[in-house]
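A closer look at the structure
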Amino acid sequence: MPDEFKQIGIVGAGSMGSGMAMLFAEHGLQVSVYDVKGENVDSLAKSITDPNSGLAPELYQKVTGYKELPPFMDSLGGKSADKLLVFSIPHGSAADTVIDEIRPFLTAGDTILDGGNEWYENARRRQDALAPHGVAYLSMGVSGGYQSARRGPSISPSGDRNAVERVLPLLERVAAKDARSGRACVTNVGPGASGHYVKMVHNGIEQGILGIVCETWEMLYKCLHTDLDAIAGIYEHWVSEGELKRNFLFGIGADICRRHKENGEPGHIVNEVQDKVVQDADDSEGTGFWTVMEAAKRHVSAPTISSAHFFRIASSDRAERMKVVEAFGQSLGAARKQHADEAFRKEFIEDLRLAAYCACLASFAQGMNLIARASEDEGWNVDLASCIQIWREGCIIRSEGIADLLQPLYEKEGKVQNTLALQAVADEVKRTLPSLQKVVKHGLEWNAHIPTFSASLEYFKYCGGKHLPTQFMEAELDYFGAHSYDLKSEGDGEVKKGKHHYEWKRA
């Protein structure tokens, strides 16, 4: 289908919206940008002409900012034109407010691409509300942060099939490109709000990997007192080849470790960063919380992702945490420095690399299992191989080594409900699990903070456990609650209440 759109309207002139405005302009579109905050529109005008923006001067006139809604909507052709809009605004009520405000200007044939990190149920509700009026509201995940919004993100649109196919040629032009295949990192994810769901899980996987990366950093920096520039070199080696090849988060970790203070001041920028992650606790970011909530709701075990989330939550209120530090004493929660010879350091760093890879596999497996379960529940028919393909570039969870493992397996197997049951994945876990066990052991001995490493290890153990101690838990549930149980002699059974009850103690 040819690309029929020549102009586009963006609602939201923040870092993501501004980046997308310049990206669309570079691909030939006339771009109108509206923001209810006038100062954001003023900042957009400055950022466009900033030499560091990379936007060619002859394209400056292709981007126009608006502080009032009527002229913004008129700039898109008025009611007679099929308008294309992109929302780049916070999740929640903001989008509902914008839709209410632009509703008088919308007509049948218009398309809204919601590119915010929106809760998929909100996206589905808006689709249902606008569809009877002929307005297509497409649920569209945009991955990669503001840098990728400027240069080309990974995109996961979903909704009305015809509407998605109509905008897909444009999205293929602006999306990130997989360097090896040349394929655009965008696909029609499926019907309904599956696009936002896939983006939500992307961010959940990201949350797990962020936890893994920061745990490796503490063990290297605080426990083995490795110089930050040396840690940068370690990370650069990890992402240059092998299992963690082109892992985005370890790659930017190297950049962070190398960043010295400016103007010749001694020290590194990272040492000035306070140890609190507040994006979940202040409700500015919802995708991590939603992933944990959805995993629980849909009965998908996701401890790597959830442990990383609760780690962030515990970090967020530092003042409250300092009260606990005072009560416990500083030593209880402090990582301890180790005196290690070069032979041990070399062996440990290799174990740490393999442990990080093994834990990253856990985060990916948990996320992909959640997508598979939701797709089954909702009838979306999401293709897991396509998800991995669009995450090969332009997104935060880019990890070529893992993509090269998973994508061919999903393409070969088709419908996969449990990634851990794929033999090639199981073989990788078995190969690298000894390194994960060593890292967790050392982490405990060194008092390092290892919530995602330890959770990943336990995840593999209990998912691969033939005989779990939950047998005893089931007996206790039957004892006080008459919950009933199945008998071992009856086989594996189904996921439903057992047929047997024993009167352990009469009332």
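Placed above this text is the structure.
On a predicted model such as this, the values are computed, not experimentally measured, just so you know. (Residues numbered from 1 in each chain as written. Predicted model: local features only at pLDDT ≥ 70, side-chain atom pairs only at ≥ 80, totals over all residues. Heavy atoms only, no water.)

1. Looking at the sheet that holds strand E3 (residues 63-66)
If you walk across this open sheet you meet the 7 strands as E3-E2-E1-E4-E5-E6-E7, and the pairing is mixed. Two strands close off the open sheet at either side, each with one partner strand: E3 and strand E7 (154-158). Direction aside, neighbouring strands of the sheet carry axes that sit 25 degrees apart on average. Here strand E1 (residues 7-11) pairs with strand E4 (residues 84-87) via 3 bridges, running parallel. When the bridges of E4 are listed, Val11 appears paired with Phe87. Against the sheet, helix H1 (residues 15-26) contacts E1, strand E2 (30-34), E3, E4 and strand E6 (136-143), and its axis sits at roughly 175 degrees relative to E1. On top of the sheet, helix H8 (residues 194-223) reaches strand E5 (111-114), E6 and E7; it is set at about 15 degrees to E6, its chief contact. (Pairing = 2+ DSSP bridges. Helix = DSSP H or I, 4+ residues; strand = E, 2+ residues; numbered from the N terminus. Axes fitted to C-alpha atoms, helices over the stretch in contact; angles between N-to-C directions. Contact = heavy atoms within 4.5 Å.)

2. Focus: the pairing of E2
When you tally the buried positions in E2, you get 4 out of 5 residues, the bulk of the element. As judged from the 5 bridges shared by E1 and E2, these two strands associate in the parallel manner. The residue of E2 that forms the bridge with Val11 is Tyr34. Handedness of the β-α-β unit built from E1, H1 and E2 comes out right-handed. In this structure, E2 lies alongside E3, joined through 4 bridges in parallel fashion. Within E3, the position partnered with Val31 by the bridge is Val63. (Buried < 20%, exposed > 50% of the residue type's maximum accessible area, 1.4 Å probe, protein only. Right-handed = clockwise from strand over helix to strand, strands pointing away.)

3. Points about the pattern of salt bridges
In total, this model carries 39 salt bridges according to the counting rule given. Here Lys83 and Asp110 are joined by a salt bridge, their closest N and O atoms 3.0 Å apart. Of this pair, Lys83 sits in the loop between helix H3 (69-74) and E4 while Asp110 sits in the loop between helix H4 (93-102) and E5, placing them 27 residues apart in sequence. The salt bridge involving Glu400 is made with Lys245; its shortest N-O contact spans 3.4 Å. With Glu400 in helix H16 (residues 400-413) and Lys245 in the loop between helix H9 (228-240) and helix H10 (248-258), this pair connects stretches of sequence that are 155 residues apart. The partly exposed category is assigned to Lys245, whose relative accessible area is 31%. (Salt bridge = Lys/Arg side-chain N within 4 Å of Asp/Glu carboxyl O.)

4. Quick look at the side chain of Glu118
Looking at the element boundaries, Glu118 is found in the loop between E5 and helix H5 (120-130). The buried category is assigned to Glu118, whose relative accessible area is 3%. With residues near it in sequence (within four places) discarded, Glu118 still touches His91, Gly92, Ala95, Ala123, Arg126, His196 and Trp290.

5. Looking at the environment of Leu352
Along the polypeptide, Leu352 turns up in helix H14 (residues 342-378). With near-sequence residues (within four places) excluded, Leu352 lies in contact with Thr216, Met219, Leu220, Trp238, Val439 and Phe453.

6. Comments concerning the packing of aromatic side chains
All told, the structure shown has 18 aromatic pairs when counted by the stated rule. Every member of this aromatic cluster is reached through a ring pair, and the members are Trp119, Tyr120, Tyr197, Trp290 and Trp380. (Phe/Tyr/Trp six-rings, centres within 6.5 Å; stacked < 30°, edge-to-face > 60°.)

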